[in-house]
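# Observations on chain architecture
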Amino acid sequence: MLSLVFFTGTAQDGFINTANDKTLESIDLVGIWSYRVAGVDNGYEEGLLIVDKMEDGFTVQVQLQNRGSLNAYDVLVEGDKMQFHVNLDGVERVGVVLRIKEKELEGQVITEEGSRFSIKGVKKLPEN
């Protein structure tokens, strides 16, 4: 399972290293992931994460249900986790930490105010 955490600290803040962390390969991350967040509304409750690999790292685009898309920044990958920031409505900075296991993600969403929401998702494409 994968943990997804929105946070307000730096990208490094969400990483907790354990001896059992699997190092993610590009094939593990690159693709389209669907997700659902429990307890939120306004078009943020579900959407897609589109992950791509570039020469200098990964890019992430968050496609929101009926609200357009957001480009992530500060994307980091370490062990079995991927982390990035996005700005909601152009002003609220949230962070995302993904703990990925096979084709699933699971975790929390944390807003600037400290509210926490459960999130789960699965990899849709490619079906490798």
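Everything numeric here is computed off the predicted structure, so don't read it as measured data.

This next bit is on the packing of aromatic side chains. Within the structure shown, the criterion is met by 0 aromatic pairs. If you follow lysine 53 out to its NZ or CZ, it ends over the ring of phenylalanine 58, 5.0 Å from the centre.

A separate point is the side chain of histidine 85. Checked against the element boundaries, histidine 85 lands in strand S6 (residues 81-88). For histidine 85, a relative accessible area of 0% gives the class buried. A distance of 3.1 Å separates the side chain of histidine 85 from the side chain of aspartate 74, its partner in a polar contact. For histidine 85, the side chain forms a polar contact with the side chain of arginine 93, separated by 3.0 Å.

As enumerated under the stated definition, the model contains 6 salt bridges in all. Put simply, arginine 93 and aspartate 74 hold a salt bridge, and the shortest N to O gap is 3.6 Å. Of this pair, arginine 93 sits in strand S7 (residues 92-101) while aspartate 74 sits in strand S5 (residues 73-78), and the two are 19 residues apart along the sequence. Lysine 81 is the salt-bridge partner of aspartate 80, the closest N and O atoms lying 3.1 Å from each other. With relative accessibility at 5%, the residue lysine 81 sits in the buried group.

On average, residues of the protein carry a pLDDT of 79, and 83% of them reach 70 or more. At the level of individual helices and strands, the protein shows its lowest average pLDDT in strand S8 (residues 104-110), which scores 80, and its highest in strand S2 (residues 46-54), which scores 94. With pLDDT under 50 throughout, residues 1-19 is counted as low confidence; its partners more than four residues away or in other chains account for 76 contacts.

Rules used in this analysis
- Residues numbered from 1 in each chain as written.
- Predicted model: local features only at pLDDT ≥ 70, side-chain atom pairs only at ≥ 80, totals over all residues.
- Heavy atoms only, no water.
- Phe/Tyr/Trp six-rings, centres within 6.5 Å; stacked < 30°, edge-to-face > 60°.
- Lys NZ or Arg CZ within 6 Å of the ring centre and 35° of its normal.
- Helix = DSSP H or I, 4+ residues; strand = E, 2+ residues; numbered from the N terminus.
- Buried < 20%, exposed > 50% of the residue type's maximum accessible area, 1.4 Å probe, protein only.
- Polar contact = N/O pair within 3.5 Å; in protein donor to acceptor, adjacent residues only side chain to side chain.
- Salt bridge = Lys/Arg side-chain N within 4 Å of Asp/Glu carboxyl O.
- pLDDT = per-residue confidence, 0-100.
- Contact = heavy atoms within 4.5 Å.

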